[in-house]
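Chain and residue survey
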Amino acid sequence: MRIRKLLSWGVAFLFGLVVVVSCAPNPGTDSATPGTDTAAEPVVMGFSAWPGWIPWQVADEEGLFEQNNVNVELTWFDGYLDSINALASGQLDANTQTLNDTISSVAAGSDQVIVLVNDNSTGNDMIIASEEINSVEDLRGKRVAAEEGTVDHFLLLLGLKDAGMTQADIDFQPLETGAAAAAFAAGQLDAVGVFAPFTTQALERPGSKPLFTSADYPGSIPDHLVVTRQMIDERPEDVQALVNTWFATLEFIEGNQDKAFDTMSKRAGVTVDEYKEYDQGTTIFSIEDNLKAFEAGSDMSSLPYAAEQISQFLVESELVQEAPDVSNIFDDRFIKAYAEQAGKG
């Protein structure tokens with residue numbers, strides 16, 4: 001499933017994708033409130049600093065939402081956890097989230113649905129350690145920070161588990177990702193769990209290095225477009241338009257690399273060259289990858305399987321009290337509709 005990389009926008013990356021000019025179906029009258037113009041009502045959508053989500057900035061600046069017949073109020077969050085809380089509290093209609101964070105929200109009572117896989121993290125989530133720490137076992141008793149309950153906390157726990165350790169074996173410091181990266185770079189921590197582009201800041205500390213990354217745990221950190229159940233029920237045509245816009249965005253980036261990289265690097269707060277260094281760490285998903293990911297399976301490449309495994313792990317790690325029902329958190333009708341329209345079904 002990991003066959004394409006974030007910044008390799010050439011033939012090997014997006015082979016076979018076609019330019020889609022508004023695949024969104026015509027708005028129906030049976031799914032919206034009578035007398036309501038859903039085409040004019042904005043979809044309030046959140047996104048934050050992750051290479052697999054920053055392409056949405058390109059969609060916004062290039063008018064690709066409008067081209068796909070959807071009115072989107074795209075909202076940037078400096079803190080990823082803030083965006084998760086905003087969706088869970090009803091302030092957003094859609095958000096960019098990881099699988100494990102979505103499951104955590106569902107476990108807490110939020111009704112959310114995953115409709116698209118943006119990417120898999122293949123190295124851009126890192127546990128970065130100071131010069132004197134050379135193994136996971138060396139973290140015992142050390143000050144280690146991550147944003148509590150988010151994906152890099154999850155990655156940290158995976159690494160500790162493999163080493164026969166738990167969070168109780170370290171001095172865990174719950175810090176917002178940006179603050180954690182800054183504290184580590186300033187020498188106030190022994191290790192930190194962060195994602196790109198915050199990895200760049202953390203690695204500015206002399207002698208620091210990745211101790212392990214998401215590349216060591218294939219399939220454990222998929223990243224998604226997540227919408228509320230209400231959006232699915234009342235505005236399916238807008239959900240379809242969001243999915244269509246994503247693939248139109250990938251097409252735009254492929255054909256306008258200089259302009260797109262400039263937009264994305266500015267949104268990430270890094271240089272173009274720094275942004276391109278994230279190439280190996282994020283695998284953007286094509287429509288074919290999406291179709292495969294939503295299928296049932298017996299390994300982490302299958303979202304239904306991964307959801308069950310992650311749900312169980314979250315309970316074991318006491319990040320959630322009770323495993324939620326994950327049988328209804330995926331809806332592949334929108335990627336299937338896009339695939340059929342694009343001749344990929």
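The structure presented is a predicted model; accordingly, all values stated were derived computationally and were not measured. (Residues numbered from 1 in each chain as written. Predicted model: local features only at pLDDT ≥ 70, side-chain atom pairs only at ≥ 80, totals over all residues. Heavy atoms only, no water.)

1. Quick look at the overall build of the protein
Of regular secondary structure, the protein possesses 15 helices and eleven strands. In the protein, which comprises 345 residues, the share counted as buried stands at 57%. Long-range contacts, defined here as pairs at least 24 residues apart, represent 79% of the contacts in the protein between residues at least 6 apart. Accessible surface, the protein: about 13,600 Å² in total, of which carbon and sulfur atoms supply 46%. (Helix = DSSP H or I, 4+ residues; strand = E, 2+ residues; numbered from the N terminus. Buried < 20%, exposed > 50% of the residue type's maximum accessible area, 1.4 Å probe, protein only. Contact = heavy atoms within 4.5 Å. Areas by Shrake-Rupley, 256 points an atom, 1.4 Å probe, with all protein chains shown as cover.)

2. Remarks on a negative patch on the surface
Together, Glu131, Glu132, Glu137 and Asp138 make up a region of like negative charge exposed at the surface. Tracing the backbone through its elements, the reader meets Glu131 in the loop between strand E5 (125-129) and strand E6 (143-146). (Patch = residues over 30% accessible without salt bridge, like charges linked within 9 Å, V, L, I, M, F, W, Y side chains within 5 Å. Salt bridge = Lys/Arg side-chain N within 4 Å of Asp/Glu carboxyl O. Lys, Arg positive; Asp, Glu negative; His and termini not counted. Charge placed at Lys NZ, Arg CZ, Asp CG, Glu CD.)

3. As for the pattern of salt bridges
Summed over all chains, the structure comprises ten salt bridges. A salt bridge links Lys161 to Glu316, with the nearest nitrogen and oxygen atoms 3.4 Å apart. You can see Lys161 sitting in helix H6 (residues 151-162) and its partner Glu316 sitting in helix H14 (residues 303-316), a full 155 residues away along the chain. Through salt bridges with shared partners, a single ionic network connects Glu41, Arg235 and Asp238.

4. So, the environment of Phe198
In this fold, Phe198 is placed in helix H8 (residues 198-202). On a C-alpha basis, the gap between Phe198 and Val270 in space is 9.8 Å, while along the polypeptide they are 72 residues apart. With near-sequence residues (within four places) excluded, Phe198 lies in contact with Ala49, Asp78, Thr177, Gly178 and Ala181.

5. Description of helix H7 (residues 177-185)
The α-helix winds at 3.6 residues per turn, so residues separated by three or four positions along the chain end up facing the same way. Taken together, the buried positions of H7 are Thr177, Gly178, Ala180, Ala181, Ala183 and Phe184. Where H7 is buried, its residues touch E5, E6, strand E8 (191-195) and H8. One side-chain oxygen of the residue at the start of H7 lies 3.0 Å from the amide nitrogen of Gly178, identifying that residue as Glu176. Within two residues after H7, Gly187 carries a phi angle of roughly 85°, on the positive side. (Polar contact = N/O pair within 3.5 Å; in protein donor to acceptor, adjacent residues only side chain to side chain.)

6. Let's talk about the packing of H6 against H14
Two elements in contact, H6 and H14, have axes whose closest approach is 12 Å; the angle formed by their N-to-C orientations is 80°. The pairing of H6 with H14 is recorded here as roughly perpendicular in orientation. Taking contact as the criterion, the partners of Phe154, Leu157, Leu158 and Lys161 in H6 are, on H14, Ile310, Phe313, Leu314 and Glu316. Residues belonging to the contact of H6 with H14 are distributed by class as follows: six nonpolar, no polar and two charged. (Axes fitted to C-alpha atoms, helices over the stretch in contact; angles between N-to-C directions. Parallel < 35°, antiparallel > 145°, perpendicular 65-115°, else oblique. Nonpolar A, V, L, I, M, F, W, Y, C, P; charged D, E, K, R; others polar.)

7. Observations concerning the confidence of the model for the protein
In this model, the protein carries an average pLDDT of 88, and 88% of its residues clear a pLDDT of 70 or more. For residues 1-38, every residue scores under 50 in pLDDT, and the model assigns this stretch 94 contacts once sequence neighbours within four places are set aside. (pLDDT = per-residue confidence, 0-100.)

8. Remarks on the pairing of strand E1 (residues 43-48)
With six of its six residues buried, E1 lies for the most part within the structure. Neither face of E1 is left uncovered, since the one carrying Val43, Met45 and Phe47 and the one carrying Val44, Gly46 and Ser48 both have all their residues buried. Bridge count for E1 against strand E2 (residues 72-77) is six bridges, and the pairing is parallel. Across the sheet, the residue bridging to Val44 is Glu73, located in E2. In this structure, E1 lies alongside strand E3 (residues 94-98), joined through two bridges in parallel fashion. (Pairing = 2+ DSSP bridges.)

9. Describing the sheet that holds E2
Within the open sheet, the six strands sit side by side as E2-E1-E3-E10-E4-E11. Their pairing is mixed. In this open sheet, the two strands that pair with only one neighbour each are E2 and strand E11 (282-284). Ignoring strand direction, the axes of neighbouring strands in this sheet form an average angle of 35°.

10. Thoughts on the pairing of E5
Within E5, five of the five residues are buried, which leaves the element mostly enclosed by the surrounding structure. By the alternation rule, side chains of E5 split into Asp125, Ile127 and Ala129 and Met126 and Ile128, which are all buried. Bridging between E5 and E8 involves five bridges; their strand directions are antiparallel. Each bridged residue has a counterpart across the sheet, and for Ala129 the counterpart in E8 is Ala191. Sheet analysis places E5 next to strand E9 (residues 209-213), joined by four bridges and oriented antiparallel. Looking at the pairing, Met126 lines up with Thr213 of E9.

11. Details of the side chain of Thr283
Here Thr283 shows up in strand E11. Taking relative accessible area as the criterion, Thr283 reaches 5% and is therefore assigned buried. Within the structure, Thr283 has its side chain in polar contact with the side chain of Thr122 (distance 3.3 Å).

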